[in-house]
Amino acid sequence: MLYIQGHDTPIVLQKTDIQSDWEMFESKCFAFGHCYVCFGSMRRSKLILLQVLTLSQYLWAQEDLTAISPQDCSLECVLQGGPGCVYCRISREDVGRTLGVSSVEAFGSCVPWPCFVYLGGQSSDVCQHYVHAPHDVTVEFVADENTKYDTVVVSWHPSQFGISFLRGFQVSLQALGGSHMACQLFLFQINISLSASHAQTVYQSDAFARLTLGAQYAVTVMALPVPELWDKFYHSTMFSTRTCPEKNGLEHCKKDWYPKHIEVQQEEHDVIVTFNLAPPHFGINRYFSLCYGEGRRGGGGLKRYIIKPNSTKNRTHHSYHLQGLMVGFNYTCEIAVDEVDAVRKTFNVQVMQMKQDPPPIATPSLTLLLPVGVALAAMLVVLLLAVVWKNHRQIRRKTEINPEIIEQHHDKKGNEEHVSLTSRLTPPRLLICYSSDDGHAHVRAVMQLAVFLQQHMATQVFLDLWDSLSLAEEGIMGWHCRRIQESDFVLVICSRGLQRRPTERDAGESRSTAAAVVSLMGEELGRAKAQGRDISKYMAAIFEYSEEKDIPAELGFVSRYTLTRDLPLLFSHIHGVALHKPGKYLRIEHITEEGYTKLPAGAALQWSIYEAGMALTNHQESCDEWGGKSQDNHVECV
């Protein structure tokens, strides 16, 4: 096929048709596969040839948009530049075997190694260039047969800045509020140098499996080598795994199941509710229902019903009666499986006044009505006198009641107002500071408190345990200073170890960080107090196993709370909500002292506080027994 300059359509020629002038033909034509492009002059031909090559590179780049998966090759192949290893997954065992590193656990900690560790024996110039962070990091769910866990794959684009020096990527995944962390390392062959067109290429990781359903994770993609500046070399994003109903369907998730189809009917004053039953393989044979009328003010108060369906009569639906509801009131009802932490379905019931035709009444004679009327009049007069006399005595009695008793009565009998925690567009930001000198159990209790505050108290929590990469980038004190400025509130968890001042052995360690942060807060509080500014941003709290004397003197002006007893007060402080109003008491669902343990996060918080208290007691007994020398390497005697 022949393309001639100036012609819109190609001309089909055979080589035999131009055999005599073949040398001149080849001097002005260029071959592309089975096609030839011919021009009138060589200068014009070179210019258009350059345009054709540019277009071909663009088309080849479009073909590279398909995500590139890692190859199963070794680190030795990467270092030797073998042709079969372009984009390779590297395991911890391979790093230890090839480089002779005895402690491969450092790779599992997800802290990026220096460039010369991966490229040992190569020129030092390879590791002295800057590589910008990847972008467009996305998380995709992968279909698998495991119904209890989720699986994801991470993909991204490399940055065009410094791409020619890019040696690979490290991908880490961490569970928020937990200790689960997984890492993957991918390296390019040592002889490969990527061009700017490869910035359009999509690279992806291996699958991250066995992720807890309905949990939050943070995924980080780092470009290798890590620059000496430690700035903009990684990209992090947060995502949530699918819930069990989202992945498997509601009919396959017993803990998340609830009746979806509810029908309410009224026959005279009898209210009948029909709902769909749980699948038979769940083995559920007992339900419960709650109804309360108009904010639990009147309407008969709280009504509870236990439901035991007979599956032999109907295996898909069941009907039950709501008894004791008053006519003319609106009720809010809930129905759920009679098990702990069951999901509840809410519906409304309005009990209507049913109109009925009055029965026929026989008209009595006048001779019978007259004596009855006289008797009724006499009874009415006696009743009025009794009411007047009784009211008079009650008025006298009220004037003699002690005002303190009245106040106590209102505190106990006042109306309760129930509030559900709903997500705000901008939840308040809370920084939690603590001391790690009281051992791992105390740190675990602080982490469980942070999880509970973020999940059930509509608060965005900043905790150093959840931001290890930023800590490595900014330093411990730099991170705390920035978070104090960004946060709406700062909560210091005070404990015995917070009072211990740093020694020479602690110099440069993170153990003295809490004391330094408290000192900074003390200076800020002193200036604010002297200038008359608001100091409600700062708060102090202790767990039940600590004492008031554990609160440093620098925090003497701030609000103090004992957890978990004062969770409602802490919520009131953070959200600016008054717990007491005239004649009312604000009751916050799932945050009361007796109600928070019904939540999984609340139960975990209660258990971690108990374990920390037991560990502190055992530690103190050990200190007394060994004369002030602790046998625990993580906690020192105070």
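Here's what I pulled together on the structure shown here. (Residues numbered from 1 in each chain as written. Predicted model: local features only at pLDDT ≥ 70, side-chain atom pairs only at ≥ 80, totals over all residues. Heavy atoms only, no water.)

### Thoughts on the nonpolar core
Proteins that are soluble and globular tend to have nonpolar side chains buried together.
Argument step 1. Ranked by internal contacts, the top residues of the largest apolar core, which has 41 residues, are Ile432, Ile493, Phe543 and Leu570.
Argument step 2. Elements with a contribution of two residues or more to this core: strand 21 (429-433), helix 10 (440-456), strand 23 (489-493), strand 24 (538-543), strand 25 (559-563), helix 14 (567-575), strand 27 (584-588) and helix 15 (600-625).
Argument step 3. No other element matches the 10 residues that helix 10 contributes to this core.
Argument step 4. Not counting the four nearest positions on each side in its chain, Phe543 is found in contact with His442, Ala445, Val446, Leu449, Ile493, Leu563 and Ile609.
Argument step 5. Counting 27 residues, the second-largest nonpolar core is a separate cluster that includes Leu277, Tyr287, Leu290 and Phe347. (Core = buried A, V, L, I, M, F, W, Y, C linked by side-chain atoms within 4.5 Å. Buried < 20%, exposed > 50% of the residue type's maximum accessible area, 1.4 Å probe, protein only. Helix = DSSP H or I, 4+ residues; strand = E, 2+ residues; numbered from the N terminus. Contact = heavy atoms within 4.5 Å.)

### What to know about the state of the cysteines
Argument step 1. On inspection of all chains with the given rule, the structure shows 4 disulfides.
Argument step 2. For Cys77, the disulfide goes to Cys85, at an S-S distance of 2.2 Å. Measuring handedness by torsion sign, the sulfur bridge of Cys77 and Cys85 sits at about -90 degrees and is left-handed.
Argument step 3. Residue class for Cys85 comes out buried when judged on its relative accessible area of 0%.
Argument step 4. Disulfide pairing is shown between Cys291 and Cys333; the S-S distance is 2.1 Å. Taking the torsion about the sulfur-sulfur bond, which here is approximately 115 degrees, the covalent link between Cys291 and Cys333 counts as right-handed. Of this pair, Cys291 sits in strand 15 (residues 287-293) while Cys333 sits in strand 18 (residues 330-337), and the two are 42 residues apart along the sequence.
Argument step 5. For Cys291, a relative accessible area of 0% gives the class buried. (Disulfide = S-S within 2.5 Å.)

### Regarding the pairing of strand 18
Argument step 1. Among the 8 residues of strand 18, 6 are classified as buried, and the element is accordingly described as predominantly covered.
Argument step 2. Pairing analysis gives 7 bridges linking strand 15 to strand 18, with the strands arranged antiparallel. From the neighbouring strand, Cys291 faces strand 18, where its bridge partner is Cys333.
Argument step 3. The pairing of strand 18 with strand 19 (residues 345-350) spans 6 bridges and is antiparallel. (Pairing = 2+ DSSP bridges.)

### Observations regarding the sheet that holds strand 11 (residues 216-224)
Argument step 1. If you walk across this open sheet you meet the 5 strands as 4-8-7-11-12, and the pairing is antiparallel. Both outer strands of the open sheet, strand 4 (87-90) and strand 12 (234-240), are each paired with one neighbouring strand and no more. Neighbour-to-neighbour, the strand axes of this sheet turn through a mean angle of 20 degrees, independent of strand direction.
Argument step 2. Pairing of strand 4 with strand 8 (residues 181-188), which is carried by 4 bridges, proceeds in the antiparallel orientation. Paired with Cys88 across the strands is Leu187, a residue of strand 8. (Axes fitted to C-alpha atoms, helices over the stretch in contact; angles between N-to-C directions.)

### Some points on a nonpolar patch on the surface
Argument step 1. On the surface, a cluster of nonpolar side chains totalling about 380 Å² of accessible area is made up of Leu380, Leu383, Leu384 and Val387.
Argument step 2. When you line up the elements, Leu384 lands in helix 8 (residues 366-399).
Argument step 3. For Leu384, a relative accessible area of 52% puts it in the exposed group. (Patch = residues over 30% accessible without salt bridge, like charges linked within 9 Å, V, L, I, M, F, W, Y side chains within 5 Å. Areas by Shrake-Rupley, 256 points an atom, 1.4 Å probe, with all protein chains shown as cover. Salt bridge = Lys/Arg side-chain N within 4 Å of Asp/Glu carboxyl O.)

### Quick word on the pattern of salt bridges
Argument step 1. With the rule as written, the count across this model stands at 16 salt bridges.
Argument step 2. Taking the shortest distance from any N to any O, the salt bridge between Asp144 and Lys247 comes out at 2.7 Å. One end of the pair, Asp144, is in the loop between strand 5 (135-141) and strand 6 (149-157); the other, Lys247, is in helix 7 (residues 244-248), with 103 residues separating them in the sequence.
Argument step 3. Given a relative accessible area of 17%, Lys247 falls into the buried group.
Argument step 4. In this structure, Lys254 and Glu339 form a salt bridge, with 3.9 Å as the shortest nitrogen-oxygen distance. Within this pair, whereas Lys254 is found in the loop between helix 7 and strand 13 (262-267), its partner Glu339 is found in the loop between strand 18 and strand 19, the two being separated by 85 residues in sequence.
Argument step 5. For Lys254, a relative accessible area of 37% translates into the label partly exposed.
Argument step 6. On the basis of relative accessible area, Glu339 is assigned to the partly exposed category, the value being 41%.
Argument step 7. Each of Asp467, Glu474, Arg482, Arg483 and Glu486 takes part in a single network of salt bridges with overlapping partners.

### Describing the packing of aromatic side chains
Argument step 1. Here the structure, examined in full by the defined rule, presents 14 aromatic pairs.
Argument step 2. Ring centres of Phe169 and Phe188 lie 5.9 Å apart, and the angle between their planes is 70 degrees; this geometry places the pair in the edge-to-face category. Of the two residues, Phe169 sits in strand 7 (residues 168-175) while Phe188 sits in strand 8, which places them 19 residues apart along the sequence. Each member of the pair, Phe169 as well as Phe188, carries the same accessibility label: buried.
Argument step 3. Ring geometry for Tyr217 against Phe239: centres 5.9 Å apart, planes inclined by 20 degrees, an arrangement best described as stacked. Placement of Tyr217 in strand 11 and of Phe239 in strand 12 is noted, with a sequence separation of 22 residues between them.
Argument step 4. Residue classification places Tyr217 among the buried residues on the basis of a relative accessible area of 3%. (Phe/Tyr/Trp six-rings, centres within 6.5 Å; stacked < 30°, edge-to-face > 60°.)

### Some words on the packing of helix 12 (residues 476-486) against helix 13 (residues 513-531)
Argument step 1. Direction vectors running N to C along helix 12 and helix 13 enclose 40 degrees, while the axes themselves pass 11 Å from each other. Where helix 12 crosses over helix 13, the handedness of that crossing is right-handed. Together, Ile476, Met477, His480, Cys481 and Ile484 of helix 12 and Thr513, Ala516, Val517 and Leu520 of helix 13 make up the contact between the two elements. (Left-handed = near helix turned anticlockwise from the far one by under 90°.)

### Considering unusual backbone geometry
Argument step 1. For the bond from Leu563 to Thr564, the omega torsion is 20 degrees, close enough to zero to count as cis.
Argument step 2. Despite not being glycine, Asp136 has its phi angle at roughly 55 degrees, a positive value.
Argument step 3. Here Asp136 is to be found in strand 5.

### What to know about the environment of Gln200
Argument step 1. Summarising the element assignment, Gln200 is placed in the loop between strand 8 and strand 9 (203-204).
Argument step 2. The exposure class of Gln200 is partly exposed, given its relative accessible area of 47%.
Argument step 3. Along the primary structure Gln200 and His157 are separated by 43 residues, whereas in three dimensions their C-alpha atoms are 6.5 Å apart.

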